[in-house]
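# Examining the three-dimensional arrangement
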Amino acid sequence: LLLFMKNTKFIVKTKNKSYPIYFGSDNLNMIGRLIKKNLPNVKKICIVSDNKLPKPLLKKIIALLKKYDLKIYKLIANEKNKSLTIANKIIERLLKDNFNRSDCVIALGGGVIGDLSAFISNLTKRGLKFINIPTTLLAQVDASIGGKTGINSNQGKNLIGTYYQPDFVLTDVSILKSLPQREIIAGYGEILKHALILDKKFFLWLTKNGKIIINKQNNYYLKSAIIRSCKIKSKIVSKDEKEKNLRMVLNFGHTFAHGFERATNFSKKLNHGEAVLIGMMIASELSVKKKLLPSKELSLIKKHYHDLKLPMNINKIFKKNQINKIIYFMKKDKKNLNEKINLILLNKIGKVNMRKKTLLSVKEIRKFLNSYYL
């Protein structure tokens, strides 16, 4: 796959902005130098941090940035805190501390922290500088790329948001050492998604090396998977920043997943990556039912799930009487048209079906989900 240099950098290009992702192991030490190089006019920095991060990590960053005027905002990183109330609190704090447009917000955490911090950076004085330091596998392979900012509403996930690209992303794979296995599997869900929608070779590589990756047995394979995944996503984003057409393929499994997450009210029982894994399995099975995906391709996907013991069964998480609730939230999805639900389905591993066939009625989806309970 990729020969992994100690540190690697690649550029994400979008219509509005190009920015670098710096990639490595133990490369957090570069943060001071990178800010000086990319953002020479920064005086004040606000670090929005997940309060669960290992204390030495935050301490280390504070020490590396001691020549700046630093503000730290810690919060519990959950979907409930990804809200207008919290966003407003932090924005008011930034205004009170007189942050200017040349000053900077750093997100230090997973996807929730990244989404919230980018949103805040975009809205404060119409745009502060923004740096993302993703600390979970999920954020490193997915949420930190593409410039979507978002917060949740009572009506659903990420329904309030903007597009705002960071000034740079710093990805340090060594931070993942402290992640629990469950979080690694959650991130693996997005890696697998990128392979399923766009890169069969990558999928075949994952069938050989997936176990090593999720058991954190070898940093080399983990890094290779992260970089390959980021390249797939940035290629899509550079062609379609604002999700007019192509970028929608990244939602494979996600329309179901967001319905699942809202139906459990973002409980600990199901995290985003697990919801995506189950959502992709259902979307793959639905692809076979719609005669888009050959069943032998589905068998390969299922075998991979079994080999890695990935979550795949909706009926282990939900009772049959919760299906209507799931569908209620699926209907709120941003990508729907009229009363139909817009799903991304597969033609084969590595190729998504982009024809209009994938607008399904609520009745059809309900019937399909009910079939898991027979």
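Now for a look at the structure at hand. (Residues numbered from 1 in each chain as written. Predicted model: local features only at pLDDT ≥ 70, side-chain atom pairs only at ≥ 80, totals over all residues. Heavy atoms only, no water.)

This part is about the overall build of the protein chain. Looking only at helices and strands, the protein chain features 13 helices and 13 strands. What you see for the protein chain is a C-alpha radius of gyration of 20 Å, in line with the 21 Å of a compact globule of 374 residues. Dimensions along the principal axes, computed over C-alpha positions, put the protein chain at roughly 60 × 45 × 35 Å. Put simply, the protein chain has 374 residues, and 60% of those count as buried. In the protein chain, the proportion of contacts linking residues at least 24 apart, taken out of those at least 6 apart, comes to 74%. Summed over all atoms, the accessible surface of the protein chain reaches about 16,600 Å², with 53% contributed by carbon and sulfur. For the protein chain, the centre of its 73 positive side-chain charges and the centre of its 25 negative side-chain charges are spaced 2 Å apart. (Helix = DSSP H or I, 4+ residues; strand = E, 2+ residues; numbered from the N terminus. Rg over C-alpha atoms; globule rule 2.2 N^0.38 Å. Buried < 20%, exposed > 50% of the residue type's maximum accessible area, 1.4 Å probe, protein only. Contact = heavy atoms within 4.5 Å. Areas by Shrake-Rupley, 256 points an atom, 1.4 Å probe, with all protein chains shown as cover. Lys, Arg positive; Asp, Glu negative; His and termini not counted. Charge placed at Lys NZ, Arg CZ, Asp CG, Glu CD.)

Here the focus is a positive patch on the surface. The grouping of K289, K291, K363 and K367 at the surface amounts to a positive patch. If you trace the backbone, K363 turns up in helix 13 (residues 362-370). (Patch = residues over 30% accessible without salt bridge, like charges linked within 9 Å, V, L, I, M, F, W, Y side chains within 5 Å. Salt bridge = Lys/Arg side-chain N within 4 Å of Asp/Glu carboxyl O.)

So, about the nonpolar core. Residues L192, F256, F260 and I314 are the most contacted members of the largest nonpolar core, which totals 81 residues. Counting residues per element, this core draws most heavily on helix 10 (residues 272-289), which supplies 9 residues. Listed in part, the 24 residues of the second largest apolar core include L58, Y68, C104 and I175. (Core = buried A, V, L, I, M, F, W, Y, C linked by side-chain atoms within 4.5 Å.)

It is worth spelling out empty space enclosed by the protein at this point. Under the definition given, this model contains 5 cavities of 30 Å³ or more. Taken as a whole, the largest cavity encloses approximately 80 Å³ of empty space. Surrounding the largest cavity, 11 residues form its lining, G156, K157, H258, F329 and D333 being those nearest its centre. Elements that contribute at least two residues to the lining of the largest cavity include exactly strand 8 (156-160) and helix 9 (254-263). Of the residues contributing to the lining of the largest cavity, the split by class is 2 nonpolar, 4 polar and 5 charged. If you trace the second largest cavity, you find it lined by G114, A118, F130, N132, A143, S144, G147, K148, Y164 and P166. Mapped onto the lining of the second largest cavity, the elements with two or more residues apiece are helix 4 (111-123) and strand 6 (129-134). Of the residues belonging to the lining of the second largest cavity, the class tally is 5 nonpolar, 4 polar and 1 charged. (1 Å grid on protein atoms, 1.4 Å probe; cavity = no way out; pocket = protein on both sides within 12 Å on 5 of 7 lines; lining within 4 Å. Points joined across faces, edges and corners; volume = space filled by probe spheres on them. Nonpolar A, V, L, I, M, F, W, Y, C, P; charged D, E, K, R; others polar.)

Take the sheet that holds strand 5 (residues 104-109) next. The strands making up a sheet associate through backbone hydrogen bonding, with each pair oriented either parallel or antiparallel. Taken together, 7 strands build an open sheet; the order of strands is 1-2-9-6-5-3-4 and the sheet is mixed. A single partner strand is all that each edge strand has here, and the edge strands are strand 1 (7-13) and strand 4 (69-75). The average undirected angle you get between the axes of adjacent strands in this sheet is 15°. Across 7 bridges, strand 1 lies against strand 2 (residues 18-24) in antiparallel orientation. Residue pairing in the sheet places F10 in a bridge with I21 of strand 2. Strands in contact with helix 2 (residues 55-64) are strand 3 (44-50), strand 4, strand 5 and strand 6; relative to strand 4, the strand with the most contacts, it is inclined by about 160°. (Pairing = 2+ DSSP bridges. Axes fitted to C-alpha atoms, helices over the stretch in contact; angles between N-to-C directions.)

This brings us to helix 2. Along helix 2, the positions that sit buried rather than exposed are L57, L58 and I61. The buried residues of helix 2 occupy an angular sector of 95° when projected down its axis, which confines them to one face. Every exposed residue of helix 2 that faces more than 90 degrees away from the buried side is listed here: K55, P56 and K59. (Arc of directions from axis to C-beta.)

In total, this model carries 15 salt bridges according to the counting rule given. Here K193 makes a salt bridge to D142, at a shortest N to O gap of 3.6 Å. Here K193 is found in helix 6 (residues 181-198), whereas its partner D142 is found in helix 5 (residues 137-143), with 51 residues between them in sequence. Where D199 meets R228, a salt bridge forms, and the shortest distance between an N and an O atom there is 3.2 Å. Residue D199 is found in the loop between helix 6 and helix 7 (200-214), and its partner R228 is found in helix 8 (residues 219-239); the two are separated by 29 residues along the sequence. One salt-bridge network, in which partners are shared between bridges, spans E79, K82, D115, K157 and E261.

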